[in-house]
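Results of the structural survey
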Amino acid sequence: MTGPVWDEMVTVGRIVRPHGNKGQVVVASETDFGDERFRVGAAVWWSRAGVPEPVAVTDSRAHDGRWVIGLEGVQSIDAADALRDLELRVPAATLRELGPQTYYVHELAGCRVETADGRKVGTVDRVTFGSGTPILVVLAGAGREV
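Residues numbered from 1 in each chain as written. Predicted model: local features only at pLDDT ≥ 70, side-chain atom pairs only at ≥ 80, totals over all residues. Heavy atoms only, no water.

Here strand S3 (residues 43-48) pairs with strand S4 (residues 51-63) via 6 bridges, running antiparallel. What sits directly across from Val-44, in S4, is Val-55. (Pairing = 2+ DSSP bridges. Helix = DSSP H or I, 4+ residues; strand = E, 2+ residues; numbered from the N terminus.)

As structure tokens, this is what we get:
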């Protein structure tokens, strides 16, 4: 039996760094449902050495706009440090249904962007989270980003 395909999964967070000395990590969340995605007992997926695997959340709390979580099998600061910059994903099928005119970030790529008066700006290329604030990257003709 095969699991979900990594490129078809949805990123819900990125491990920033270790927290404390017992294997916990700080996660920069990329979901509005952090309390659900990072709750104790929830499964998130990581890909280490190119192999996607589920891992259980063993401890969880919100802290300064991020999450501090424990992950099954990660019990030391060195083990946690080895996870730095690792993406945490979930299968797209596990996402809750949203209301009308509401979208997940991963659904924005390819959407048309226009001004309030209807003038086309461009097409959404991606949303980046590196600065801590989501940034909508829009391609506006000739590959120019706005």
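Back to the write-up after that little detour.
Inspection of the secondary structure assignment puts Val-26 in strand S2 (residues 24-29). On the basis of relative accessible area, Val-26 is assigned to the buried category, the value being 5%. Here the alpha-carbon distance between Val-26 and His-63, two residues 37 residues apart in the chain, equals 8.6 Å. Every residue in contact with Val-26, bar those within four places of it in the chain, is listed here: Arg-14, Ile-15, Val-16, Arg-17, Pro-18, His-19, Arg-66, Trp-67 and Val-68. (Buried < 20%, exposed > 50% of the residue type's maximum accessible area, 1.4 Å probe, protein only. Contact = heavy atoms within 4.5 Å.)

Right, let's get into the nonpolar core. Core analysis: the largest hydrophobic core is formed by 23 residues, its most contacted members being Ile-69, Leu-71 and Leu-88. For this core, the secondary structure elements donating two or more residues are strand S1 (9-19), S2, S3, S4, strand S5 (66-71) and strand S6 (87-91). For Leu-88, the contacting residues outside a window of four places in its chain are Val-10, Thr-11, Val-12, Gly-13, Ile-15, Val-27, Phe-38, Val-44, Trp-45, Trp-46 and Ile-69. (Core = buried A, V, L, I, M, F, W, Y, C linked by side-chain atoms within 4.5 Å.)

Read from one edge of the open sheet, 3 strands run S7-S8-S9, paired in antiparallel fashion. The sheet terminates laterally at strand S7 (112-114) and strand S9 (135-139), the two strands that pair on one side only. Recorded for the sheet is a direction-independent mean angle of 50 degrees between the axes of neighbouring strands. The pairing of S7 with strand S8 (residues 120-128) spans 3 bridges and is classified as antiparallel. Within S8, the position partnered with Val-113 by the bridge is Gly-122. (Axes fitted to C-alpha atoms, helices over the stretch in contact; angles between N-to-C directions.)

It is worth spelling out the pattern of salt bridges at this point. As enumerated under the stated definition, the model contains 9 salt bridges in all. Two residues, Glu-36 and Arg-96, come together in a salt bridge whose shortest N-O distance is 2.4 Å. A residue pair is termed long-range when its members are at least 10 positions apart, and Glu-36 in helix H1 (residues 34-37) and Arg-96 in the loop between S6 and S7 qualify at 60 residues. Across the salt bridge formed by Arg-119 and Asp-117, the nearest N and O atoms sit 3.3 Å from each other. For the pair Arg-119 and Asp-117, one class covers both residues: exposed. One connected set of salt bridges, linked through shared partners, spans Arg-14, Glu-87 and Arg-89. (Salt bridge = Lys/Arg side-chain N within 4 Å of Asp/Glu carboxyl O.)

Take unusual backbone geometry next. Positive phi values are uncommon outside glycine, yet Ala-49 reaches one of about 60 degrees. Tracing the chain through its elements places Ala-49 in the loop between S3 and S4. Since its relative accessible area comes to 84%, Ala-49 is described here as exposed. Despite not being glycine, Asp-85 shows a phi value in the positive range, around 70 degrees. Positionally, Asp-85 belongs in the loop between helix H2 (77-81) and S6.

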